[in-house]
Every structure is written in C-alpha cells, then in structure tokens.
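Commentary on secondary and tertiary structure
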Amino acid sequence: VARKVTLTATYGLLKAGAIGPQMLYKHAPHIVPLLASEIEDQDASARHLGCLCLSIIFERLRGGFGEQAVQDLYPRLLKRLDDSDDVIRMAVCETFKSFMLCAPKEAYRGTMITYTIDQLFIHLDDPDPKIQKAIFDVLVHIAEHVDGALVLKKANANIQSHRSPVMCETVIRAVNKLTK
C-alpha cells in the first residue's frame, strides 16, 4: 500500500510540474531505476503508474539521458508490450514515444533500435485495433525522430508475415509522407 501511495504521489507531483527540471535532473539517476522496477511489479496499477511517471520524466528531461540508460531501460519497456493488461500496453506505447526522445539520437542504434522495431512490428499485428493504432504511432514517432529508413525496411519485411498487410502499408505511407 505504501508503495502504491508513493507512486500515486510521485505521479501527481510530476504531472503537476511541482518537481522542477533541475531537481528532476539531479534525482533522475535514483528515481528512474526505481520507477523502471515498478513497471515489472505484479500489481497492474503499479506498472501503469510507473509507465506514466517514466513518460513524464523522459519528456521533461528530453535529451538528458545517456546511451547506458537507453540500453538499461529499453528491455523493460519492451516487456510491457506483452503485459496482460491492455491499459498498460497502451501506456507503455506513450512511454516509448517519450523514451525515444530522452537521449541523443546516437543512443538509439544497433541492436537496441533493431530489436525494438522488430518487437513493435510483432505487436502491430495485434488483433485489437487500439493496440495497433498505439503501436503505429510509436513506429511513426521512431521514423520521424530516430531512424525512418529502418522503420521502412522493417515495414516492408513484415508485410508478408502479418495476418493482413494493411497496418504495414499504413506505416509505409506515413513514413514516406515524413520524408516528402
């Protein structure tokens, strides 16, 4: 109960902007690992609050994280795409969008970005249209801010393996629009 109350209070303070950027930046090395552990909690509400808090921190400290933080955090975020609770799956999609801006572009390369995009394309084929849309938004965000060529390559590679090519084709059209 105390942990959930602390998470709720933390989320409230973050959302209200009560924790200034300097204070947040100073304490992020301690807070972020704690919140990252919460997104793996057995309690769905703790996982959800952890995602919401991380989204705000990533957004507020845009560009302030290093490559090691990206390497440490992305596997934990990816696990939430397989969460049993669709609310958390939707929340982690928003978290991913903020996460993809929390470090310099160079931090998102190699295995990290390739594996992340591969996992997102797996979930783009989800039967739930809401999940498909949330994943689509993340992929387009990655294409716009990190690596559009890789998203296009993966979209073309996944057309044949999806139950329907529609979402992959939609990603291709959206990414192509970004480059015009």
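Our subject is the structure that appears above.
A quick note: this is a predicted structure, and the numbers were derived from the prediction, not measured. Each residue is numbered by its place in its chain's sequence as written, counting from 1. Totals for whole chains, interfaces and linings use all residues, but because this is a predicted model, local features are given only for residues with pLDDT of at least 70 and pairs of side-chain atoms are given and counted only at 80 or more. Hydrogens and water are ignored here; the side-chain numbers use all heavy atoms of the structure.

**Focus on the state of the cysteines**
Pairs of cysteine sulfur atoms within 2.5 Å are identified as disulfides in what follows. All chains considered together, the criterion is met by 0 disulfides. Not engaged in a disulfide, the cysteine Cys-93 finds its nearest cysteine sulfur in Cys-51; these two sulfurs lie 9.5 Å apart. Not part of a disulfide, Cys-168 finds its nearest cysteine sulfur in Cys-93, a span of 15 Å. When accessible area is computed with a 1.4 Å probe and restricted to protein chains, residues below 20% of their type maximum are described as buried, those above 50% as exposed, and intermediate ones as partly exposed. Classification of Cys-168 as buried rests on a relative accessible area of 0%.

**A look at the nonpolar core**
Soluble globular proteins: nonpolar side chains tend toward being buried together. In this structure, Phe-99 and Tyr-108 are the most contacted members of the largest nonpolar core, which totals 63 residues. Helix and strand definitions follow DSSP, with helices as H or I runs of at least four residues and strands as E runs of at least two, each counted in order from the N terminus. Contributing elements (two or more residues each) for this core: helix 1 (2-16), helix 2 (21-38), helix 3 (44-60), helix 4 (67-80), helix 5 (86-99), helix 6 (111-124), helix 7 (129-158) and helix 8 (166-178). Per-element tally for this core: the top contributor is helix 7, with 14 residues. For this analysis, a nonpolar core means a set of buried residues of the types Ala, Val, Leu, Ile, Met, Phe, Trp, Tyr and Cys, connected via side-chain atoms within 4.5 Å.

**Focus on the packing of helix 3 against helix 5**
As a packed pair, helix 3 and helix 5 sit with axes 8 Å apart at the nearest point and diverge in direction by 15 degrees. Classed by the angle they form, the pair helix 3 and helix 5 counts as roughly parallel. Along this stretch, helix 3 crosses helix 5, giving a crossing that reads as left-handed. Along its contact with helix 3, which presents Ala-44, Arg-47, His-48, Cys-51, Leu-54, Ser-55, Phe-58 and Glu-59, the element helix 5 presents Val-87, Ile-88, Ala-91, Val-92, Glu-94, Thr-95, Ser-98 and Phe-99. Class assignment for the residues of the contact of helix 3 with helix 5 results in 9 nonpolar, 4 polar and 3 charged. Axes, fitted as lines to C-alpha atoms, cover a helix only where it is in contact. Angles between the N-to-C directions of the axes lie from 0 to 180 degrees. An angle below 35 degrees is treated as roughly parallel, one above 145 as roughly antiparallel, one from 65 to 115 as roughly perpendicular, and anything else as oblique. By convention, the crossing between two helices is left-handed when the near helix turns anticlockwise from the far helix through less than a right angle, and right-handed when the turn is clockwise. In what follows, a contact means two residues having at least one pair of non-hydrogen atoms within 4.5 Å. Classification used: nonpolar for Ala, Val, Leu, Ile, Met, Phe, Trp, Tyr, Cys and Pro, charged for Asp, Glu, Lys and Arg, polar for all others including Gly.

Limitation: the analysis is restricted to geometry and does not speak to function.
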